[in-house]
Amino acid sequence: MSQKQTQGDIEKAVKEQQEEKQEQKSPSGFRIFWREILKDKLALVSLIFFVLITVVVFGASEILDKAEVTRVDPFNIYQPPSDEFLLGTDQGGRDIFGQLMIGTRNSLAIGFLVTLLSGIIGVVFGVVSGYFGGHIDNALMRVVDFFMVLPFIMLVIVFVAIVPKYSIWTFSLIMTAFLWMGIARLIRSKALQEKELDYAQASRTLGSSHTKIIFKQVLPNITSLIVVTMTLNLAANIGIESGLSFLGFGFPKDTPSLGTLLSYTTNPITLEERWWIWLPAAVLILLLMLSVRNVGEALKRAADARQRRA
Amino acid sequence: MTLLKVNDLKVHFPIRGGILNRKIDAIRAVDGVNFEIRQGETYGLVGESGSGKTTTGKAVMGLNNITDGEIYFENELLNKGSKVNIRRDIQMIFQDPYSSLNPRKRVFDIIAEPIRNYEKLSKQEEKRRVQELLSQVGLSPESILKYPHEFSGGQRQRIGVARAIALKPKLIIMDEPVSALDVSVQAQVLNFMQELQEELNLTYLFISHDLGVVKHMCDRIGIMYNGRYVEEGTKEEIFNDPQHIYTKRLVAAIPDIDPKRRQDNFKFREQVKDEFTNSYNDYFDEDGLAYQLKPITDTHRVALPERG
């Protein structure tokens, strides 16, 4: 009996040891991030919330008919929330709930698109500039400086006025044109550091071309920085879009976004008495930006071993 | 047979400043260096930090632009103006095994990199080559899927060696290959490199500041100071019959393990130091640079001033 027990104990110990060995294998980047998220409950809740909102919003706007939602209905102006209109209606009698769904979808889509586009441009610009250094770096950074001194809002207003066919794509491109410089600068400084390391020089001696070294050796070493910056930029870009739409230089009024819903507050009576029009959008912007930021902060910590909590 | 010939090599780094960031001066990291390396030998390049030995090595490798001079490899001119061609026959082993391996790459990708660049092999052949190379440097062929941080310093340096010999080069430049390693591992790696040299008929350019290691490894030695050669000769000539005061001081600085001779060694070093300070102006010109090398014997050259 006791012998059997020892046998079992030994087997158990061996199994544990094997598991430990598995554990010792260095965890992949994704695993590290996942552990960090699990440890940070706020980030976990934020991630779930963000994914949920994204799925719901994109799903709902597939079902909802945009023409139906944005159709003016003079008999239902300024209806407070009821069974028929879940979040009431605006001055055109349009359903706020439907607008909120489609609007959040549009805002998120813009946020993703702008982040992705500015990310790609910024990373390529920065990594090329930092890797080659010298005159190339000098020239490219002057281009960055040029874009930096341009008055962002003024030019967006001008572009919005002169672009005839105005859609999510054109709006993202206009925003991207003024939002890639930050990433470019950040990536450049990191690439400057990386290229001095021996492994980049070793790659040269082994006959790799500059393009190969940039994209296969240096870039993988700065991915964590790229992911972190782009996540934090996503929150900022959603905010910028809302701000522009609020000012009336984002989407046209018939294309709802979180910003256009907010811009109804320019009417003081709406601001004071018809809370259902703007409050949901305002709360949603706040929550979305906070949750993206929380996830971004967790990512940031996961990328730096000294800051990790898990 | 001469494998590598370096002729009046100069590498100057500009110092910029003043209005419009003009070049106002230059750091003469390497300032007129001549040497030859014969097929199959180990040539030691010795000097203190900042003496230009690593810059010389990198210039031969093609990692630095050179200011002036010629580099011949197998009687073929390597440099066109300031650009030095990178050749598969010349490979380099880096000083720091921690930064010379890309932390994001598996051992397989690290060692396969040169093979992928120069040879078209199928995935299977490539894998077999990498495994062969790994066992050649004494690592288990199973480790191809590991990442560099899973290895110790000595093992990492072996991965660096495997990568360098993957293309069957003729000359390997070793830039202080063991100075980042434990003393216990140093001997292991050095002996292994000597075995490898015989096995593959390699020629080494061995850059180091550690005279004990140089004595163990090298056939001929060049001593550098402030970007110039002060003395060049065979191992015996340098260690038994140093002519230049700087070489004398270097050789005197080699530690001795016999505690009984401690006092004597101390006195000897003091004496050499006094000689160095007193005769500094005889051995170096007014800028603190070494004179042109003059042959003493067929193999021994020393930087001595012209005496009238």
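Within each chain, residues carry numbers counting from 1 in the order of the written sequence. Each chain is given a letter, starting from A, and each ligand a number, starting from 1, according to the order in which they appear as written. Where local features are concerned, this predicted model is filtered to residues with pLDDT of at least 70; where side-chain atom pairs are given and counted, the filter is 80 or more; whole-chain, interface and lining totals use all residues.

1. Things to note about the overall build of chain A
Phase 1 of the analysis: A count of helical and extended segments in chain A gives 14 helices and zero strands.
Phase 2 of the analysis: Each helix corresponds to a stretch of at least 4 residues labelled H or I by DSSP, and each strand to a stretch of at least 2 residues labelled E; elements are numbered beginning at the N terminus. Along chain A, helices (α) and strands (β) appear in the sequence α-α-α-α-α-α-α-α-α-α-α-α-α-α when read from the amino end.
Phase 3 of the analysis: A globule of 310 residues ought to have a C-alpha radius of gyration of about 19 Å, yet chain A, at 25 Å, is considerably larger.
Phase 4 of the analysis: Principal-axis analysis of the C-alpha atoms places the extent of chain A at approximately 80 × 75 × 30 Å.
Phase 5 of the analysis: Partly exposed residues are those whose C-beta has more than 12 but fewer than 20 other C-beta atoms within 10 Å; with 20 or more the residue is buried, with 12 or fewer it is exposed, and the C-beta atoms are placed from the backbone. Sorting the 310 residues of chain A into buried and exposed places 37% on the buried side.
Phase 6 of the analysis: Contacts in chain A between residues at least 24 apart in sequence constitute 68% of all its contacts with a sequence separation of at least 6. This radius of gyration counts C-alpha atoms alone. The globule rule is 2.2 Å times how many residues there are, raised to the power 0.38. A pair of residues counts as a contact when their C-beta atoms, built from backbone coordinates, are within 7 Å of each other.

2. Quick word on the overall build of chain B
Phase 1 of the analysis: Each helix and strand counted, chain B has ten helices and 14 strands in total.
Phase 2 of the analysis: By principal-axis analysis of the C-alpha atoms, chain B measures approximately 70 × 60 × 45 Å.
Phase 3 of the analysis: Looking at chain B residue by residue over its 308 residues, the buried ones come to 41%.

3. Topic: helix 10 (residues 198–205) of chain A
Phase 1 of the analysis: Most of helix 10 of chain A sits inside the fold, with six of its eight residues counted as buried.
Phase 2 of the analysis: Every buried residue of helix 10 of chain A is listed here: A:Asp198, A:Tyr199, A:Ala200, A:Ala202, A:Ser203 and A:Thr205.
Phase 3 of the analysis: Here the buried face of helix 10 of chain A lies against helix 9 (181–196) and helix 11 (210–247) of chain A together with helix 1 (53–61), strand 8 (90–93) and helix 2 (107–118) of chain B.
Phase 4 of the analysis: In the segment just after helix 10 of chain A, A:Gly207 is the residue with positive phi, at about 95 degrees.

4. Some words on unusual backbone geometry
Residues and elements named next belong to chain B.
Phase 1 of the analysis: Despite not being glycine, Glu74 shows a phi value in the positive range, around 50 degrees.
Phase 2 of the analysis: Turning to its location among the elements, Glu74 is positioned in the loop between strand 4 (68–73) and strand 5 (76–77).
Phase 3 of the analysis: One non-glycine residue with positive phi stands out, namely Lys168, at about 50 degrees.
Phase 4 of the analysis: Relative to the helices and strands, Lys168 is located in the loop between helix 4 (153–165) and strand 9 (171–175).

5. Focus on the environment of B:Pro114
Phase 1 of the analysis: By the secondary structure assignment, B:Pro114 is in helix 2.
Phase 2 of the analysis: Note: C-alpha distance between B:Pro114 and B:His12 (102 residues apart in sequence) is 30 Å.
Phase 3 of the analysis: Setting aside chain neighbours within four positions, we find B:Pro114 in contact with A:Leu206, A:Gly207, B:Arg163, B:Ala166 and B:Leu167.

6. Focus: the pairing of strand 9 of chain B
Residues and elements named next belong to chain B.
Phase 1 of the analysis: Among the five residues in strand 9, five count as buried, and that is most of the element.
Phase 2 of the analysis: Of the two faces of strand 9, the one holding Leu171, Ile173 and Asp175 and the one holding Ile172 and Met174 are both buried throughout.
Phase 3 of the analysis: Examined bridge by bridge, strand 8 and strand 9 share four bridges and lie parallel to one another. Bridged to Ile93 within strand 9 is Met174.
Phase 4 of the analysis: The rule for pairing is simple: two strands pair if DSSP sees at least two bridges between them. Sheet topology note: the strand 9/strand 10 (residues 203–208) ladder contains five bridges and is parallel. Counted as the bridge partner of Ile172 is Tyr204 from strand 10.
Phase 5 of the analysis: A crossover gets the label right-handed when its path from the first strand over the helix to the second runs clockwise, viewed with the strands pointing away from the viewer. A crossover connection joins strand 9 to the parallel strand 10 through helix 5 (residues 183–200); in handedness this β-α-β unit is right-handed.

7. Let's talk about the sheet that holds strand 8 of chain B
Residues and elements named next belong to chain B.
Phase 1 of the analysis: Pairing in this open sheet of eight strands is mixed, and the strands run 8-9-10-3-11-12-14-13 from one edge to the other. Edge positions in the sheet fall to strand 8 and strand 13 (293–295), since each has one partner strand and no second. On average, each strand axis in the sheet is tilted by 20 degrees relative to the strand beside it, whichever way the strands run.
Phase 2 of the analysis: Note on definitions: angles span 0 to 180 degrees between N-to-C directions of axes, and those axes are lines fitted to C-alpha atoms, for helices only across the stretch in contact. Each of strand 8 and strand 9 is contacted by helix 4, which is oriented at about 175 degrees to strand 8, the strand it contacts most.

8. A closer look at the pairing of strand 3 (residues 42–47) of chain B
All names here are of chain B.
Phase 1 of the analysis: A large share of strand 3 lies buried, amounting to six of its six residues.
Phase 2 of the analysis: Residues Thr42, Gly44 and Val46 line one face of strand 3 and the alternating positions Tyr43, Leu45 and Gly47 line the opposite face, and both faces are buried.
Phase 3 of the analysis: As defined by bridge partners, strand 3 adjoins strand 10 across five bridges and the pair is classed as parallel. Bridge pairing in strand 10 links Tyr43 to Leu205.

9. Quick look at the UniProt feature "domain: ABC transporter" (unreviewed entry) in chain B
Phase 1 of the analysis: Under the local residue numbering, the UniProt record ascribes the feature "domain: ABC transporter" (unreviewed entry) to residues 4–251 of chain B.
Phase 2 of the analysis: Along residues 4–251 of chain B one finds 35% helix and 31% strand; the C-alpha atoms at either end are 27 Å apart. UniProt positions are given in the numbering used here, feature names are shortened, and annotations may be inferred rather than shown by experiment.

10. Looking at the sheet that holds strand 5 of chain B
All names here are of chain B.
Phase 1 of the analysis: Taking strand neighbours across the sheet as the criterion, the four strands line up as 2-1-4-5 in an open arrangement whose pairing is antiparallel. Both edges of this open sheet fall to strand 2 (22–38) and strand 5, since each of them pairs with a single strand only.
Phase 2 of the analysis: Sitting on the sheet, helix 1 is in contact with strand 1 (2–17), strand 2 and strand 4, with an inclination near 110 degrees to strand 1.

11. Description of the interface of chain A and chain B
Interface size is often expressed as the accessible area that is lost when the parts come together.
Phase 1 of the analysis: In this complex, chain A contributes 15 residues to the contact, which on the side of chain B involves 22 residues.
Phase 2 of the analysis: At the level of secondary structure, the elements contributing two or more residues to the side of chain A that touches chain B comprise helix 10 and helix 11 of chain A.
Phase 3 of the analysis: Here the element with the most residues in the side of chain A that touches chain B is helix 10 of chain A; it accounts for seven residues.
Phase 4 of the analysis: Here the nonpolar group is Ala, Val, Leu, Ile, Met, Phe, Trp, Tyr, Cys and Pro; Asp, Glu, Lys and Arg are the charged ones; every other residue, Gly included, is treated as polar. For the side of chain A that touches chain B, a count of residues per class yields five nonpolar, eight polar and two charged.

12. Some remarks on helix 3 (residues 123–136) of chain B
All names here are of chain B.
Phase 1 of the analysis: In a helix, the anticipated span is given by 1.5 Å times the number of residues less one. Helix length check: helix 3, at 14 residues, gives a terminal C-alpha distance of 20 Å against a target of 20 Å (1.5 Å per residue), a fit within 8%.
Phase 2 of the analysis: The set of residues buried in helix 3 consists of Val130, Leu133 and Leu134. Seen end-on, helix 3 carries its buried residues on one side only, within an arc spanning 100 degrees. Away from its buried face, by an angle of more than 90 degrees, helix 3 presents the exposed residues Gln124, Glu125, Glu132 and Ser135.
Phase 3 of the analysis: Buried positions along helix 3 lie against helix 2 and helix 4. Directions drawn from the helix axis to the C-beta atoms are what define this arc.

13. Some words on the environment of A:Thr70
Phase 1 of the analysis: Of note, A:Thr70 is situated in the loop between helix 4 (66–69) and helix 5 (96–132).
Phase 2 of the analysis: Discounting residues that sit within four places of it in the chain, A:Thr70 has contacts with A:Arg94, A:Asp254 and A:Pro256.

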